[in-house]
Amino acid sequence: MKIFIITVAVIILYSFTVVFTQDYRQAQRNSYRLKYVCEELSATGASFFDREEYSEGYTVFDTEEGIKAIREQITSLLSIDSNMAPVANSYWSENIEYKVYFYDDSGICKVYANGRLEREEAFVYGDPHKDDWTTYNTVVSDPVVVVTINAGSGRFRLRFLDPLPDIIRSASHEWEET
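Undergrad: I'd like to hear about the sheet that holds strand β3 (residues 116-122), residue by residue, with values.
TA: If you trace the 5 strands from one edge of the open sheet to the other, you get β3-β2-β1-β6-β7, paired in antiparallel fashion. With one partner strand each, in any of the chains shown, β3 and β7 (168-174) form the two edges of the open sheet. Looking at each pair of strands side by side, their axes are set apart by 15° on average, direction ignored. Running at roughly 30° to β7, helix α1 (residues 2-46) makes contact with β1 (97-103), β6 (144-150) and β7 of the sheet. Docked against the sheet, helix α3 (residues 63-77) engages β1, β2 (108-113) and β6, running at close to 150° with respect to β1.

Undergrad: Let's hear about the layout of surface pockets: which residues, and what values?
TA: In this structure, the largest pocket encloses a volume near 180 Å³. Along its surface, the largest pocket is lined by Tyr24, Ala27, Gln28, Ser31, Gly154, Phe156, Leu164, Pro165 and Ile167. For the lining of the largest pocket, the residue count by class is 6 nonpolar, 3 polar and no charged.

Undergrad: Hey, could you go over unusual backbone geometry for me, with residue numbers and the actual values?
TA: The phi torsion at Ser79 lies on the positive side, around 55°, for a residue other than glycine. Along the chain, Ser79 turns up in the loop between α3 and β1. Even without being glycine, Met84 reaches a positive phi, approximately 70°. Relative to the assigned elements, Met84 resides in the loop between α3 and β1.

Cut-offs used in this document
Residues numbered from 1 in each chain as written. Predicted model: local features only at pLDDT ≥ 70, side-chain atom pairs only at ≥ 80, totals over all residues. Heavy atoms only, no water. Pairing = 2+ DSSP bridges. Helix = DSSP H or I, 4+ residues; strand = E, 2+ residues; numbered from the N terminus. Axes fitted to C-alpha atoms, helices over the stretch in contact; angles between N-to-C directions. Contact = heavy atoms within 4.5 Å. 1 Å grid on protein atoms, 1.4 Å probe; cavity = no way out; pocket = protein on both sides within 12 Å on 5 of 7 lines; lining within 4 Å. Points joined across faces, edges and corners; volume = space filled by probe spheres on them. Nonpolar A, V, L, I, M, F, W, Y, C, P; charged D, E, K, R; others polar.

Spatial relationships are all this shows, so hold off on functional conclusions.
What follows is the structure, encoded as structure tokens:
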């Protein structure tokens, strides 16, 4: 009987270990995928700029066009619908939230939350960028677009792991003067 109890205990412990390992690896893969999406979206946002200002030597982002392109791409890259809710086969379980920060030669940082202008604030090159959701801080030295995505918590099957923190990733794309 002693051997039977020990065997059952080992099988249960092994099952918990296998389930947790699989869930953790899936969360890690999706976190890397979220990082890739942030990088792609920041590059997309930086692709739209005011050509007239650029002809005068200034890089000023066309934020309206950049936000439209980001919104179109984020739905396909993260398997979510237009309301930022996950579709049936998506890994994500909560509505996605995102912020986009545009720093350019106009000297005004425009911050968009979920595609809507949240605020505008003055800055000068050399000021630090402080992300609202993460500890991602960098010095703004050139025109840059920073994208931060909050995808909610990962899907773990073990219920005692529910209070896990949200998966938040951030990336930036910088225009360097050549």
